[in-house]
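Structural overview for review
Residue strings, one per chain:
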Amino acid sequence: MELLAREAPAGAFEDLLGPAGRSGASRARREELDQALRLAADVREQLGRRQQREAVLSALVDTAHDLTLPYDLDALLRVIARRARLLLNLDMAYISFHDEETGDSYVRTADGHATSLTVGFRVPGGSGLGGSVRTSSAPFWSPDYLADERVSHHSVIDEVVRAEGLRAIVAVPLRHRGVALGVLYAADRTIRHFTPDEIALMASLGDLASVAIEKTRVLSRARADIADLERYTSQAKSDLVSERRANDAHARMTDLLLAGGDLGQLLALAAETLGGTAAALDPDGRVLSATGPLPPTVPGPEETAQAVLETHVARRPVQFGPDLWLAPVAAGTECLGCVLLHTGDPLSDSGLRLLRLTAGTTGVLMLMHRNTAVAESQVREEFFEDLLTVPGRPLAQLRDRARRLGLDVERPYAVAVIRPEGGSQGRAVVWASSYALRAGGLSTVRGGCLTLLLPSDNPGATARQVSEELSPLLGHPVTVGAAGPTTGLADIEPAHAEAVRCLGALTALGSTGTTAAANELGFLGLLLGDHHSVGGYIADTIGPVIDYDSHRFTNLVLTLEAYFESGSSPTHAAETLHVHPNTVSRRLERITALLGEDWQEPARALEVQLALRLHRTRDTLRPDVPAPVTGENAHADRLGAP
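Since the structure is predicted, the reported quantities are computational estimates derived from the model, not experimental observations.

The next thing to look at is the sheet that holds strand β12 (residues 413-420). Taken in spatial order, the five strands of this open sheet run β13-β14-β12-β15-β16, and their pairing is mixed. Only two strands of the sheet have a single partner each, and these edge strands are β13 (442-446) and β16 (515-517). Put simply, the sheet's adjacent strands are angled 20° from each other on average, direction ignored. Strand direction decides the pairing type here: β12 and strand β14 (residues 449-455), joined by six bridges, are antiparallel. If you follow Ile418 over to β14, its bridge partner there is Leu450. Contacts between helix α15 (residues 459-474) and the sheet are confined to β12, β14, β15 (478-483) and β16, with β15 contributing the most and set at about 160° to the helix. Running at roughly 140° to β15, helix α16 (residues 492-508) makes contact with β12, β13, β14, β15 and β16 of the sheet.

Next comes the structure, spelled out in structure tokens:
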């Protein structure tokens, strides 16, 4: 008992047998002493196990304390693996998590490894000790893994175990409230039979680890939620500040507008708030005002004009390049232009809102500067419709309305009828309204075609100019028929009808996507148009010759007929007319002066011969009408007057 009290070593107990033998103690006494020594050994063993259990419990308490410290998940798993290895005095420990998508497991952390059993190693699902642990939700161990037939072996796992030199392995589940988290493994490189206490110790460590893992996950999610909330709060504060800045800037723009500020001041205020360079562009892409030089990334006028139209159709700011934004400036359906912003920083939602407000304020300012013209836009269209559809309207009234709209009724005008060959008509209508206003003309939409009245004395050139400007913007060709020039308001409706016939002639010829004026089609327009104006064709082709005969009482028309009938021979024509050949030559010179140098070219000569034949046939069929078509009655003849 004294030796037990002093926790003497085992040899001290054995030494008690020597004095007893030497003192001649009886057999019974020696047996009692042997029994006492056995009991003492049992007591010592129990005390040792108790001390070991206390040490293990102390280690578990220390481990539990360590697991309560704040770690991220990977750091926590490393602590758990190291503790498992040290508690059982093993060579290696690792933790695997289950992959729900593939059904496999993968090593999340490892301690004491020497080969490829490292982080990220894939463990085939259902194999090895891990498969048994996940199936039974209970610890599983083996004193010699490779020789244990209870284990569902897999070549990949066995190869790694063999490479690591592992023999004894124990695995316990990591579960929290019935949810499997993973498996905790501990292994030794020698054959080892694990005691129940060691298995219980690993299970307890697994339970502690499961709680710590779940706590860490919850904390991680909470931290992530808090970080998201902080980020959202910061973004909300930033957006609120931006919205306040945008509202303040818009209020300052409104004050500037009411104070009579100009476009440059308005753009400078916008550029100061948004940061960068701001400019106002007209529908053709020309700069009206800018706060500084435009960057070299701004394309040419044609591409910019097309982008302005696209922005106007979108009705919202459009990114024009990596650092360029365009915001439409509009008044109803009319495109007034756009606001261009060049900024090196991306625009936030509040920045886009301020850009739209800037474009809207710019539009109001433009309307204030040209309110009369914009207010008259609808009136101009209605006036054009009256010129084309209301017959018999007093010319004095029409002239008065034209004068109020700023139209010079004395200058010549050309009428162009435009048919876009595909695509949406909306962009073409916007362009036509803006183009007519800039050119000092009128526009309207009739029968699916755009109709323009433009100042011009060359309808063919006007048609080509309209096509060259509109086709690139639309991205597809347009067909344009033109007529004119007009000499007064009364000529506009007939010119429109002639332009429509010209457009019909181009369609009948299969020449969609081209342009032509009525006087360029000649007799083809007369034959292929929807309506036939014989008198107009005669007047346009040989009218000067007929007028000359009417005023001078000459016979140039007869000379022309005789000339062509004689095969373009002046001598034979003189014989037919019973005059001297020199007389015919002088008449031909006069005709050249009246019709131009090219009247004897094959194409022009065909036109002249057709006009002569029509002129002669009409005189034969209508003897009550004076033969000459003079300048005074040429217009009436075009309108079909008797």
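There's plenty left to go through after this.
The next thing to look at is the packing of aromatic side chains. Within this structure, the stated rule accounts for six aromatic pairs. Relative to Tyr435, the ring of Trp431 lies with its centre 4.7 Å away and its plane at 20°, an arrangement referred to as stacked. A residue pair is termed a helical-turn pair when its members lie 3 or 4 positions apart in one helix, as Trp431 and Tyr435 do in helix α14 (residues 425-439) at four residues. Here Trp431 matches Tyr435 in class, with each residue buried. Taking 6.1 Å as the distance between ring centres and 90° as the angle between the ring planes, the aromatic pair formed by Phe564 and Trp599 counts as edge-to-face. Taken together, the residues span a long stretch of sequence, with Phe564 in helix α20 (residues 556-565) and Trp599 in the loop between α22 (581-595) and α23 (602-621) at a distance of 35 residues. Accessibility expressed as a relative area gives 0% for Trp599, which makes it buried.

To continue, consider the pattern of salt bridges. Any two side chains of opposite charge can pair, so long as their charged atoms come close to each other. Taken as a whole and assessed by the stated rule, the structure comprises twelve salt bridges. Two residues, Asp111 and Arg82, come together in a salt bridge whose shortest N-O distance is 3.1 Å. Taken as a pair, Asp111 in strand β2 (residues 105-111) and Arg82 in helix α5 (residues 73-87) lie far apart in primary sequence, 29 residues in all. Arg82 sits in the partly exposed class, given a relative accessible area of 43%. Members of the salt-bridge network, linked through shared partners, are Arg82, Arg85 and Asp111.

Our next topic: the side chain of Thr559. The topology assignment puts Thr559 in helix α20. Thr559 sits in the buried class, given a relative accessible area of 0%. Sequence-distant contacts of Thr559, that is, excluding residues within four places in its chain, are made with Leu577, Val584, Arg587 and Leu588.

Here we take up helix α7 (residues 155-164). Residues of α7 that are buried: Ile157, Asp158, Val160, Val161 and Glu164. Summarising the axial view, the buried residues of α7 lie within an arc of 165°, below the 170-degree limit, and thus occupy one face. Exposed side chains of α7 directed beyond 90 degrees from the buried face belong to Ser155, Glu159 and Arg162. Where α7 is buried, its residues contact β1 (92-98), β3 (122-123), α6 (128-136) and β5 (168-176). Immediately downstream of α7, the backbone of Gly165 shows phi near 75°, a positive value.

Before going further, it helps to spend a moment on unusual backbone geometry. Peptide bonds are mostly trans, and most non-glycine residues show a negative phi. Geometrically, the link from Gly484 to Pro485 is a cis peptide bond, its omega value of -5° lying close to zero. By secondary structure assignment, the location of Pro485 is in the loop between β15 and α16. Positive phi, normally seen in glycine, also occurs at Asn89, with a value near 55°. Positionally, Asn89 belongs in the loop between α5 and β1.

Moving on to the nonpolar core. Core analysis: the largest hydrophobic core is formed by 31 residues, its most contacted members being Ile418, Trp431, Leu452, Val466 and Leu470. Counting residues per element, the ones that place at least two in this core are α10 (301-314), β10 (324-331), β11 (334-342), β12, α14, β14, α15 and β15. Broken down by element, this core gets its largest block of residues, six residues, from α14. Discounting chain neighbours no more than four positions away, the residues touching Val466 are Ile418, Trp431, Tyr435, Leu452 and Leu454.

This part is about the environment of Asp99. Relative to the assigned elements, Asp99 resides in the loop between β1 and β2. Residues Asp99 and Gly125 lie 26 residues apart in sequence; the distance between their C-alpha atoms is 8.9 Å. Apart from residues no more than four positions distant in its own chain, Asp99 is found in contact with Asp104, Ser105, Tyr106 and Arg122. A distance of 2.9 Å separates a polar atom in the side chain of Asp99 from a polar atom in the side chain of Arg122.

Reading the values: rules and limits
Sequence order as written defines the numbering, with residues in each chain counted from 1. The predicted origin of the model limits local features to residues at a pLDDT of at least 70 and limits the giving and counting of side-chain atom pairs to 80 or more, whereas totals for whole chains, interfaces and linings rest on all residues. Here the side-chain values reflect all heavy atoms present in the structure, with hydrogen atoms and water set aside. Two strands are said to pair when DSSP picks up at least two bridges between them. Strands are runs of DSSP state E lasting at least 2 residues, helices are runs of H or I lasting at least 4, and numbering of each runs from the N terminus. In this analysis, axes come from line fits to C-alpha atoms, helices being fitted only over the stretch in contact, and the angle between any two N-to-C directions falls in the range 0 to 180 degrees. The contact definition used throughout considers only heavy atoms, calling two residues in contact when any of these lie within 4.5 Å. Two aromatic rings, drawn from Phe, Tyr or Trp (for Trp, its six-membered ring), form a pair once their centres lie within 6.5 Å of each other, and the interplanar angle then sorts them: stacked below 30 degrees, edge-to-face above 60, tilted otherwise. Partly exposed describes any residue whose relative accessible area lies between the buried limit of under 20% and the exposed limit of over 50%, with all areas from a 1.4 Å probe on protein chains only and scaled to the type maximum. Each reported salt bridge corresponds to a side-chain nitrogen of Lys or Arg within 4 Å of a carboxyl oxygen of Asp or Glu. The reported arc concerns the directions from the helix axis to the C-beta atoms and nothing else. Joining through side-chain atoms within 4.5 Å is the link that ties buried Ala, Val, Leu, Ile, Met, Phe, Trp, Tyr and Cys residues into a set, and such a set is a nonpolar core. The definition of a polar contact used here is a pair of N or O atoms within 3.5 Å, where within protein one atom must be able to donate a hydrogen and the other to accept one, and adjacent residues in sequence count solely through side-chain atom pairs.

Shape descriptors only; they carry no functional weight alone.
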